[in-house]
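Listed below are the residues making up each chain.
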Amino acid sequence: MVATKVVDLRVCLLFLGVMLILIYTSIWAYRQFMTSPPYVDPERYPVRGIDVSAHNGMMNLDAAAADGIQFIFIKASEGTTFRDDNFNLNYQKASHAGLKIGAYHFFRFDCDGVSQGINLLNAIGRRPLDLGVAIDVEESGNPPGVDSTLIARRLQAMADYLYLSGYRVTFYSNRTGYYEYLRESAPGCCLWICSFQPTPIEAEWTFWQYNHHGKVAGIRGDVDLNTFCGSQQEWENYLSGAVWPYDLPPGR
């Protein structure tokens, strides 16, 4: 009986050991092959940028600009009420550093689209935005079970509200989110894609987020790295076509 229990214990320990190895290997493989940044040719994509929120803490964006960063997307809001605590400060720092600025909003599947647009514009105020606004559309951080048709209607309502308020609108998502929520509902949209593959996506894109663990002067810890889709001249052409706010809604 004792020998049987010893054998059973060894089998259990062996099983646990194998499971731990499999878990570790899975985590390593995910980080190595799913989130490892691809090589981004600096000659083909010379215009580099970052996106930040309060989670990045205090930053020296003058140092980031000196390190070659040319643009920044700053989190402004989420859902119908949330405002990023550091948006105003990050905007001031980015403006002082001469970075081209865009603001982004995390889209909530379970909230009215127009109300989310109002929250974003109230967070922005009358601050000029070189890159307009971006709507972050992804399943992570959103509640499950919301009907996809309802999500599409809310997303379209928010985008329309922002367009009518005079803003250039960019949609941010990963590859899964693009095919699930944007390919059909927002064809031809200005796309900011998160992808860790050498070819970001089989679709036209404007911005590519290619690294979640970037290192940039003036920023402590990891920061998301991005690039623009074209040359420096194409970047200048893109900026000259930016839409600035011209007709804010009543009460703004």
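Every value quoted in this text rests on a predicted model; they were computed, and no experiment measured them.

## Section: the overall build of the chain
- Of regular secondary structure, the chain possesses seven helices and nine strands.
- When each of the 252 residues of the chain is scored for burial, the buried share is 46%.
- Partitioning the intrachain contacts of the chain with sequence separation of at least 6 by distance along the chain shows that 67% fall at a separation of at least 24.
- Entry remark: accessible area of the chain is about 13,200 Å², with carbon and sulfur atoms responsible for 56%.

## Focus on the pairing of strand 6 (residues 169–174)
- Counting buried residues along strand 6, five of its six residues qualify, which places the element largely inside the surrounding structure.
- Here four bridges tie strand 5 (residues 133–136) to strand 6, and the two strands are oriented parallel to one another. What sits directly across from D136, in strand 6, is Y172.
- With helix 5 (residues 148–164) bridging strand 5 and its parallel neighbour strand 6, the resulting β-α-β unit is right-handed.
- With five bridges connecting them, strand 6 and strand 7 (residues 190–194) associate as parallel partners. Its bridge partner being in strand 7, S173 is matched across the sheet by I193.

## What to know about the packing of aromatic side chains
- Counting across every chain of the model gives 21 aromatic pairs.
- Aromatic side chains F71 and F207 sit 5.1 Å apart centroid to centroid with 55° between the ring planes, which places their arrangement in the tilted category. Here the residue F71 occupies a position in strand 2 (residues 69–78), and F207 occupies one in strand 8 (residues 207–214), the gap between them amounting to 136 residues. Residues F71 and F207 agree in their burial class; the two are buried.
- Consider the rings of F228 and W235, whose centres lie 5.0 Å apart with planes at 65°: the pair is edge-to-face.
- Ring-pair connections join several aromatic residues into one group, and the members of that group are F71, F73, Y104, Y172, W192, F207, F228, W235 and Y238.
- In this structure, R127 packs its charged tip against the face of Y91, placed 6.0 Å from the ring centre.
- The positively charged end of R168 is found above the aromatic ring belonging to Y238, 3.9 Å away from the centroid.

## Focus on the pattern of salt bridges
- Going through the model one piece at a time under the given rule, you end up with four salt bridges.
- Taking the shortest distance from any N to any O, the salt bridge between D222 and K215 comes out at 2.5 Å.

## Describing the state of the cysteines
- By the definition in use, this model includes zero disulfides.
- Cysteine C190 is unpaired, with the sulfur of C189 as its nearest cysteine sulfur at 7.5 Å.

## Thoughts on the packing of helix 4 (residues 113–124) against helix 5
- One way to put it is that helix 4 packs onto helix 5 with a least axis distance of 7 Å and a crossing angle of 40°. Taken together, the axis directions place helix 4 and helix 5 in an arrangement best described as oblique. As helix 4 packs across helix 5, the resulting crossing turns out to be right-handed. On the side of helix 4, the interface is formed by G113, V114, Q116, G117, I118, L120 and L121, while helix 5 contributes R154, A157, M158, Y161 and L162.

## Here we look at the pairing of strand 9 (residues 223–228)
- In terms of burial, strand 9 is a largely internal element, six of the six residues being buried.
- Inspection of the sheet shows strand 1 (residues 48–52) paired to strand 9 by four bridges, in the antiparallel sense. Residue I50 lies in a different strand from strand 9, and its bridge partner there is L225.
- Examined bridge by bridge, strand 8 and strand 9 share five bridges and lie antiparallel to one another. For F207, the partnering residue across the bridge sits in strand 9 and is F228.

## Observations regarding the side chain of E138
- Relative to the helices and strands, E138 is located in the loop between strand 5 and helix 5.
- An unpaired buried charge is present at E138: no salt bridge exists, and K75, the closest side chain of opposite charge, is 8.5 Å distant.
- Discounting chain neighbours no more than four positions away, the residues touching E138 are F106, F109, Y172 and S173.

## Considering the environment of T227
- Checked against the element boundaries, T227 lands in strand 9.
- For the pair T227 and Q209, spaced 18 residues apart in sequence, the C-alpha to C-alpha distance is 6.7 Å.
- Each residue touching T227, except ones within four places of it in the same chain, is listed here: V40, Y45, V47, R48, F71, W205, T206, F207, W208 and Y210.
- Here V47 takes part through its backbone oxygen, which lies 3.0 Å from a polar atom of the side chain of T227.

Here is what the cut-offs are and how they apply
- Residues numbered from 1 in each chain as written.
- Predicted model: local features only at pLDDT ≥ 70, side-chain atom pairs only at ≥ 80, totals over all residues.
- Heavy atoms only, no water.
- Helix = DSSP H or I, 4+ residues; strand = E, 2+ residues; numbered from the N terminus.
- Buried < 20%, exposed > 50% of the residue type's maximum accessible area, 1.4 Å probe, protein only.
- Contact = heavy atoms within 4.5 Å.
- Areas by Shrake-Rupley, 256 points an atom, 1.4 Å probe, with all protein chains shown as cover.
- Pairing = 2+ DSSP bridges.
- Right-handed = clockwise from strand over helix to strand, strands pointing away.
- Phe/Tyr/Trp six-rings, centres within 6.5 Å; stacked < 30°, edge-to-face > 60°.
- Lys NZ or Arg CZ within 6 Å of the ring centre and 35° of its normal.
- Salt bridge = Lys/Arg side-chain N within 4 Å of Asp/Glu carboxyl O.
- Disulfide = S-S within 2.5 Å.
- Axes fitted to C-alpha atoms, helices over the stretch in contact; angles between N-to-C directions.
- Parallel < 35°, antiparallel > 145°, perpendicular 65-115°, else oblique.
- Left-handed = near helix turned anticlockwise from the far one by under 90°.
- Lys, Arg positive; Asp, Glu negative; His and termini not counted.
- Polar contact = N/O pair within 3.5 Å; in protein donor to acceptor, adjacent residues only side chain to side chain.

Take it as geometry only, folks, not as evidence of what the structure does.
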